[in-house]
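Analysis of the macromolecular model
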Amino acid sequence: MIGYKNAAGLPLVLVLAACSPKADSEILVETSYELGRYSAVGHSVERKNSVIYESFEGGGWNAQNTTLNISEHKPGLDESLPQNFLFPQLQGPHSFAAVKSIVRFGEYAAKLHWKSGNPSQWNGDPLKLDNTDRKAMFHGHKASSSKATVWYGFSVYFPSEGTRITGDQSALFFQIHGSRDKNGEPNRIPPLSINLVADGFKFGYSWDSAALSTSTSGEGDVDYVVPTNVSDYQDRWLDVVIKVNTNPFEEKGSFKIWFDGELITSRENIRFGYNDQQGIYPSFGWYITGQSAYRDGDMILYLDEVRMVEGEDIGYFDVAPGFFSR
C-alpha cells in the first residue's frame, strides 16, 4: 500500500503487530492498518471502480431477486436505487430501518432488527420456524467461480442491550454462502461464518470438492473461538475487512479477517469453499441459528459502509470502511 498517508500527512507504515489471542496454527504476526476517519476532511482513497458500495444513503435498498417469495416482508425496498445486493431475507416489517441516530459515515445506516418471542409468525407457516424467520440479512453478489479472490468490508455496531449473548447462545452477523447447483444439492453450512458468542467471536469454515455435494457439512468443517471481552466491541462501530481465496480442490485456499485494522484471525493453505458452478456470495446481518432462535431477547445491529469486490489486484484500502487521506 505504498503511497497512502495517515491523517497527519505522513506516509502510512504497515506495521507488523502481534494479534492475540490466536487459535492454534495461526499466523502470529501480520500487517495492521489504520482506521478510516469519521470526517470527510481531505480526499478519500481512490478505490477500484469495480467496488460495489452500499451505505444506505438512499434511505433504503434495492435487490435483483425481490420478486421471489424469499421473504414476505421487504421494508425499505426502493426500486429506484442501485442494485447493490442480490436479495434480502428480512424476518418482518420491523427488520430494516434507515436511521440517522447511529451512523458510521454519511447520513444513514441500516438498523437490522430480529424479534424474539414468537419468531415463526412472520413468513410462511406461523407454526414453523422458517429460514427467513431467523434472519435480518442482506446478501451480496456472487463471485465468478469456485476459485476466486474476493474482498469484503463493512462497519457494524452492536448495541449492548440489543446483543446480549449468554450461555451457549450464538448470533451470526456475517457469512459467506455457497451457490448450490441445481442438481439436488442440499443447503450446506457457510464456507465462512462469524458469530457473536458469550466469550468472543466464533469462526467457522468448510469445504467440499464434489461436483454433487451430499452432506450439509461438506467434506470437512472447522469451528473455533477467538476469545475476547465482547463488551469491548459493543456500543461502538467495528470496522471489518475480509479477504478470501476460495479453493475447494487443493490446499491453496485462505482467508484473513481484520477488526479495526488488526488481523484477528487467518488461515492459509487450506481447502476452502464448494465446487459450485457459481462462486460464493456474502451475507451481512443477523442469522439466529439453532436453539438461539428461542432466546428471550431481540437482536439489533447497525450496518454501514458495505463494500464488495473480486480481483487479484485488490488491496485492503479498496474496501476498508471510512475515508483515508493520501
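Just so it is clear, the structure is predicted and the values come from calculations on it, not from any experiment. (Residues numbered from 1 in each chain as written. Predicted model: local features only at pLDDT ≥ 70, side-chain atom pairs only at ≥ 80, totals over all residues. Heavy atoms only, no water.)

1. Some thoughts on the nonpolar core
- Within the largest apolar cluster, 55 residues are counted, with the highest numbers of intra-cluster contacts made by F173 and W286.
- Per-element tally for this core: the top contributor is strand β18 (residues 299-310), with five residues.
- With sequence-adjacent residues up to four places away left out, F173 is seen in contact with F154, V156, F158, I194, N195, L196, F201, S283, F284, G285, W286 and L301. (Core = buried A, V, L, I, M, F, W, Y, C linked by side-chain atoms within 4.5 Å. Buried < 20%, exposed > 50% of the residue type's maximum accessible area, 1.4 Å probe, protein only. Helix = DSSP H or I, 4+ residues; strand = E, 2+ residues; numbered from the N terminus. Contact = heavy atoms within 4.5 Å.)

2. A few points about the pairing of strand β17 (residues 281-287)
- Of all the seven residues making up β17, seven are buried; the element is thus mostly covered by neighbouring parts of the structure.
- When strand β7 (residues 135-139) meets β17, the two strands line up antiparallel, connected through five bridges. Paired with H139 across the strands is S283, a residue of β17.
- As paired elements, strand β9 (residues 170-177) and β17 share five bridges and run antiparallel to each other. (Pairing = 2+ DSSP bridges.)

3. Let's talk about the confidence of the model for the protein chain
- Across the protein chain, the average pLDDT comes to 87, with 87% of residues at 70 or higher.
- When the criterion is pLDDT under 50, residues 1-29 qualifies, and its contacts beyond four places in sequence or with other chains add up to 60 contacts. (pLDDT = per-residue confidence, 0-100.)

4. Re the side chain of S146
- As for its placement among the helices and strands, S146 is situated in the loop between β7 and β8 (149-157).
- For S146, a relative accessible area of 13% gives the class buried.
- In this structure, S146 is in contact with T246, N247, P248, F249, Y274, N275, D276 and G279, ignoring residues within four places of it in sequence.

5. Digging into the pattern of salt bridges
- On inspection of all chains with the given rule, the structure shows nine salt bridges.
- Between R271 and E219 there is a salt bridge whose closest N-O contact spans 2.8 Å. Taken as a pair, R271 in the loop between β15 (262-270) and β16 (273-274) and E219 in the loop between β11 (200-208) and β12 (220-227) lie far apart in primary sequence, 52 residues in all.
- For R271, a relative accessible area of 22% translates into the label partly exposed.
- Taking relative accessible area as the criterion, E219 reaches 43% and is therefore assigned partly exposed.
- Linking R307 and E305 is a salt bridge whose minimum nitrogen-to-oxygen distance equals 3.1 Å. As far as the burial class goes, R307 and E305 line up, both buried.
- One connected set of salt bridges, linked through shared partners, spans E185, R188 and D276. (Salt bridge = Lys/Arg side-chain N within 4 Å of Asp/Glu carboxyl O.)

6. Observations concerning the packing of aromatic side chains
- One pass over the structure, following the stated rule, counts 32 aromatic pairs.
- Between the aromatic rings of Y233 and F259, the centroid separation amounts to 6.1 Å while the plane-to-plane angle is 65°, which identifies the pairing as edge-to-face. One end of the pair, Y233, is in the loop between β12 and β13 (237-245); the other, F259, is in strand β14 (residues 253-259), and 26 residues separate them in sequence. Residue Y233 shares its accessibility class with F259, and that shared class is buried.
- Directly above the aromatic system of Y287 lies the positively charged group of K135, at a separation of 4.3 Å from the ring centroid.
- Lying across the ring of Y274, R188 places its NZ or CZ 4.3 Å from the centre. (Phe/Tyr/Trp six-rings, centres within 6.5 Å; stacked < 30°, edge-to-face > 60°. Lys NZ or Arg CZ within 6 Å of the ring centre and 35° of its normal.)

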